[in-house]
Every structure is written in structure tokens, then in C-alpha cells.
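The primary structure of each chain is shown beneath.
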Amino acid sequence: MAEPLLELAGVTRCYQTGEKQTAVLRDIDLTIEAGEFVAIMGASGSGKSTLMNVLGCLDRPTSGRYRVGGVDVGALPPDELARLRRERFGFIFQRYHLLAHLSAVDNVQVPSVYTGAARRTRLSRARELLAQLGLAERGEHRPNQLSGGQQQRVSVARALMNGAEVVLADEPTGALDSKSGREVMRILGELHAAGRTVVVVTHDEQVAAYAHRVVEMSDGAIVSDRAQAARRGAEMTEDYARAEPPAPQPGQAGVAGSAARLFQALSMAWAALTAHRLRTLLTMLGIVIGIMSVVSIVAIGEGAKRYMLDEISSMGTNTIDVYPGRDWGDSDAALIKTLVPADAQALAAEPYVDSVTPGVYRNATVRHGNVDVQAMVNGVGERFFQVRARALASGISFGEDAVRRHAQVAVIDSNARRTLFGEHTDPIGRTILIGNVPCTVIGVAAEQRASFGGGTHDLAVWVPYTTASARLFGGRQLDGITVRIKAGQPGEAAERKITELLTRRHGRKDFFTYNMDSIVKTVESTGRTLTLLLSLIAVVSLIVGGIGVMNIMLVSVTERTREIGIRMAVGARRSDVMLQFLVEAVLVCVLGGAIGIALSFAVSFVFSAFVDRWNMIFSAKSLVAAVACSTAIGVAFGFMPARNAARLDPVEALSRD
Ligand code: ADP
Ligand code: MG
């Protein structure tokens, strides 16, 4: 003999209420063969729904055995139970349990979502079923736009979506007027006539009259089980009733199935998010602000750093200064006379050196006409303006020839020009007195960018160092040598080689070097520290945003408990529910991140309207990091609510409002 389709043996179901265990089902033995039409009757509270839930694998017996087609259900993992619900059972509930935010067609196709069937197949089958149930015109209606009878017919169509070898109806007519109730019973009769097994719970004798077998329950036990001559259902005119029940559609396996499920989860998440637009937007706000501040701060930091580095390099960053003495402020420095022009020439011959200028620096009185000022007089080489990367505003600099001839020529800076000549006189070609030595002004240096380092109110005059030594100050030794390193050469190595060379020439190290490169490094690391610090603050705001997402998702899970129950009842796996909520959280965060990035571009636009010296600089790295960050937040903070949803007990979830 073949295995009975459904077989309960000694099944008990207990509920723990406080201290007490209440047995809702007591020692039930019940066998239902394929093709039967069974009515379960009994007073309210007698355990009919509990029995149905056990039969439909929504609930498990506390003790006893339940076998479906010979397979012991008690030993199956949750996903296998979900598969049974999906592929073999079709549930019809008293209160329809349709998803309020979905149209009739979408409600009907929900069970096949979890088999991984293609969307087009799903939709056409859902439409077909609705048409067969007389709802062809109602496919796009939401449940609240349908009458009770129509809603129940939609839920019948949903139950049939995956084939439904066994139709389980828990008081399907309980909420309907008698006409709609008869209609639903007629449909159940037809489904039975078409070869399906039908189990219907009712306490209405009229309804039970449609069945061939009536099982009566009282206080959790079966008190009678009798066969009866069923009242004939309505005439069998409907095509669907004649048709063989479709074979259960096995889930699409492998990558295609996973992709289909992910895509489905995405579109469901989108639907859920757009159903509560304001709430979604407010949830996103935390992420939007967080991402916006992180991205903006990094961009501002990067822009500021770039600006400072530009400023520094405009002063000639790849220069190394050599001064006599042990260090700054060495009182013996003036006595050291070993730093001489020949050292500068030796350095100029080195392969890593771009250009060199010797220097003698003194304060002196500079006079033009009756104007008399103190100025810094710099005796420098012909390469000075190249070494320092300074441009001339007008005129020319002195050349090698002028240096050799101790020429009495001078380049003055714009401060000196203003003080000595006023705004309206062209100084080129005029003679000034430096100390007592007349010099011809041949050039005016361009003003240095005053914002960083170079800004000074001193007056400066440059003359050939030979002129300075021989005619102005006397003495042969230099106050310093400035070396410009070739582009791309490492500053530290060059500094070391310069030290070696000069130590060899002097016989001992009686000088020190000062490398502009170290300033660059300091600026870079200060900038990094600052950016890091600010980013940390921004990250805190991101985390706060993430907690906001978690909060809303938890509320959403609670609010949608019934939806989760429905989805599980029609065969959603735990992983499907988990995926749905996780995808929702990630979608909120990624959308929020994208909006945040867009807003920070807007910030940079506003920023550049107010600040013209420098711009915010966005790096691809920071944008990618921002997106990764918001995704991670979505996963991290969506995980707990999603897990809560996936762990819900289907029966309990269904009974919630
Ligand atoms: P029926 O469907 O026949 O009206 P039910 O199967 O819904 O009855 O419930 C049978 C009994 O089990 C009731 O007395 C009810 O109070 C109890 N019951 C149902 N669900 C729970 C639960 N989750 N916890 C505790 N008791 C429950
Ligand atoms: Mg009930």
C-alpha cells in the first residue's frame, strides 16, 4: 500500500503560558489520503488552527510524529519545511492575509518568487489564475480596493500559484457574506474535483456539507471522524478545475537562481522603501549627512594640503641652504671663514645639483634722492633668481659677466621700489646708493605670494656677491650657499652628499644644512593628522546615521511582522527574509551615500564661490571609500533587524496585527 499523503501519529502541541504548559493538541492520530476533501469542525479554541498549522508545516508538533508523503517532518531543517510549504501546500486564511502594498497580481505571484521562477512566467501564470477565478479585470487592484470575496479569491489564486497539491483553508468563509462564502466553497469543491487534497476548517455545518469527511475536534482532541455524502459542488465548468495540478516548480539552482533571488529582493526592497517615502528619506538623512561630511572634509583637507605645498614649492622647495656654524644662532659662526665662493663652484659641478648661488647678507642703508631706508642687502650669484624660483616684475637680473666684473648693479624688491621711488616712477636705470656705493637698478623682483612664509615687510636689494664682498662689506667668506636640487632627486640624499663634499673641502664639519624638503614633509604629515582627526569626527556622525538606519529597520521589522509571516507561510526561506531586510538596509545606505556624495560636490561648488585661493579636491579613493563605508554600514546595522526578521516563528508572525 502506498504511503498516506499526510499522517499524524500521537501528535501533541503544547504552549508555554507563564509557568504552565497547556496542551492545545492532545495525542492526535489523523491520516489524510491524497484526493480527500476533509472538513475539520469544532468550537472556537478547540485547536483547529493549531492542527492546520501543523498540517501545513508552519508549526511543529511538541511530540508525536508528522509525515508528509512518508517523510518525517520533525527531522527537517527550517529551509526544508519552507520548501514543503512552497511546493506542496497552498494556504487560504480566514482574513485573506494579502500584502496590502502589492497589487492582486503581485500578491498572487509571491509564492513563486521563492522558487526562483522568471518574472515573466510568474506574472503570466498569476494573471491566468486570476482570470480563471473571475478577477481578470482586478489584477492591478490593491487589496483595499477589492471586496472580501474578491480578496479571498486572490488568496485562493495565490495558494494555487505553485501547484498546491494540498489546499489548506482555515475558516475561508468566516469573514465573508453567505453569497461570497458559497462562491469560495464552490471553488474549493472544484479544486477537489480536479484532484487536489482539500482540508478546510470551519464551524459552519453548511460549509462542512461540501466535504466527504468531517473530523470533529473538542478541546484539542479528535472526538469524531466520519465520512459523509458530500453535497455536490456547483457544476464543473471552470477549466482550471479540470486541468491537472501543475507539477511543483523546482527552484532555479545555482548562480541564476541566486541572481534572480537577489534581483527580486532588490525590487521588493525598492517597493518597501517607496511605500514609506518620508520615513525612508529621514532614515537616509543620517547617512547623507555622515557621508557628505566625510567626503567634504577629506576634500577640504586635500585641497588645503595641495595649496600649502604649492605655496612652499613656489618658494623653491627643492633647495638646501648651507650656513656656517653648528646650527642656527651659533655665536661662533661669524668667526668661521671657510665657506667661500669656491665651495659654491664645487657644488655647482655635482650631478644632482641644478643651480647654486653663494650669498652674503647684511643690513645697509639704501638711499635714493632724499629717501633713506634700511634694507637687507643680499650679495648673490647670477643664478640666484633661478635657485629661489623668483620672477622679475620688470627689468633683468645680473649675469655671470656682471658678477665677474664686480658690477655696481642691483635688483630691488617691490617694497624697496615703493619706498624709494613711489608708485609712479620707473626705477629701472636709476642709481641708488647702497652704503656709499652707487648702483644702477636693473630689475625689480615680482612680489612673492604673501600668505605663506614669504610674506615680509623688509626691503630687499640684490647685488652681485662679488660687488657685495669687495665694495660693500669686505671679506671673502660667504654667509651661506643655496643649492637647488635637480627635480626628482631625493632631498635627503642630496643633503648628505653636500655635507660629505663640504666636510672634505673644509677638513671638518663647520657648517650646517637646512632642507626645505623637511618643511614639505611636516606640512604633509600635519595635513594628514588633521584630515584623520576630522574624518574621525565625521565617522562618528556616520555611525550615528547607521544606528538610525538600524532603529528604523527594527521598527520596520516589527511593523511588518505579519508580512514576514505571510511570506514564510507561502514558502520564503529564512535566508529570503534575511536577504530582503538586509538589501533594504543596504539600499537605504547606498542611496544615502550617493546623495551625500552629490551634496558634497554641491558644497564644493558653494565653497569655490567663496574661497578663490584654493579648491576642494575629491579623490577617487575617498569616493570609493565613502560608498564602501555606506554599504558596510548598511550591512552592519541592517544585520540585526534582518536576523530578527528571519528568526520569527511563522505562526506567531501571522497572528500579529
Ligand atoms: P481554533 O482555531 O480551534 O479556534 P486554536 O488552534 O487557534 O483554536 O487555539 C487553540 C487553543 O490554543 C486556544 O485555547 C488558544 O488560546 C491556544 N493558543 C493558540 N496559540 C497560542 C499561543 N501562541 N500561545 C498560547 N496559547 C495559544
Ligand atoms: Mg482558528
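For the structure, check the block above.
Calculation notes
Residues numbered from 1 in each chain as written. Chains lettered and ligands numbered in written order. Predicted model: local features only at pLDDT ≥ 70, side-chain atom pairs only at ≥ 80, totals over all residues. Heavy atoms only, no water. Near = heavy atom within 4 Å. Polar contact = N/O pair within 3.5 Å; in protein donor to acceptor, adjacent residues only side chain to side chain. Helix = DSSP H or I, 4+ residues; strand = E, 2+ residues; numbered from the N terminus. Nonpolar A, V, L, I, M, F, W, Y, C, P; charged D, E, K, R; others polar. Axes fitted to C-alpha atoms, helices over the stretch in contact; angles between N-to-C directions. Parallel < 35°, antiparallel > 145°, perpendicular 65-115°, else oblique. Left-handed = near helix turned anticlockwise from the far one by under 90°. Contact = heavy atoms within 4.5 Å. Pairing = 2+ DSSP bridges.

Structural notes on the site of ligand 1
Thinking step 1. If you check the shell around ligand 1, you find Tyr15, Thr17, Val24, Ala43, Ser44, Gly45, Ser46, Gly47, Lys48, Ser49 and Thr50 and nothing else.
Thinking step 2. Contacts to ligand 1 include Ser46, whose backbone N or O atom sits 3.2 Å from an oxygen atom.
Thinking step 3. One of the backbone nitrogen or oxygen atoms of Gly47 is found 3.0 Å away from an oxygen atom of ligand 1.
Thinking step 4. Contributions of two or more residues to the shell around ligand 1 are made by strand S1 (6-17) and helix H1 (48-55).
Thinking step 5. Of the residues belonging to the shell around ligand 1, the class tally is three nonpolar, seven polar and one charged.

Some thoughts on the packing of helix H18 (residues 561-569) against helix H19 (residues 574-610)
Thinking step 1. One can describe the packing of H18 onto H19 by two numbers: an axis separation of 10 Å at closest approach and a directional angle of 140 degrees. In terms of orientation, H18 lies oblique with respect to H19. Here the hand of the crossing between H18 and H19 comes out right-handed. Residue-level inspection shows Glu563, Ile564, Arg567 and Met568 of H18 in contact with H19, the latter providing Arg574, Val577, Gln580 and Phe581.
Thinking step 2. Here the residues of the contact of H18 with H19 are counted per class, giving four nonpolar, one polar and three charged.

Examining the sheet that holds strand S4 (residues 63-68)
Pairing between sheet strands relies on hydrogen bonds along the backbone, with the strands arranged either parallel or antiparallel.
Thinking step 1. The sheet built from four strands is open, its strands ordered S2-S1-S4-S5 with antiparallel pairing. The open sheet has two free edges, formed respectively by strand S2 (20-32) and strand S5 (71-72), since each of these has just one partner strand.
Thinking step 2. For S1 and S2, the ladder comprises nine bridges, and the chain directions are antiparallel. By the bridge assignment, Glu7 is partnered in S2 with Thr31.
Thinking step 3. The strands touched by H1 within the sheet are S1, S2 and S4, with S2 carrying the most contacts at an inclination of about 60 degrees.

Things to note about the packing of helix H17 (residues 516-559) against helix H20 (residues 620-646)
Thinking step 1. Their axes nearest at 9 Å, the elements H17 and H20 cross at an angle of 30 degrees. Between H17 and H20, the angle is such that the two are roughly parallel. The hand of the H17/H20 crossing is right-handed. Note on element contacts: H20 touches H17 through Cys629, Ile633, Phe637, Met640, Pro641, Asn644 and Ala645, opposite Leu542, Ile543, Gly546, Ile547, Met550, Met553, Leu554 and Val557.
Thinking step 2. For the contact of H17 with H20, the residue count by class is 13 nonpolar, two polar and no charged.

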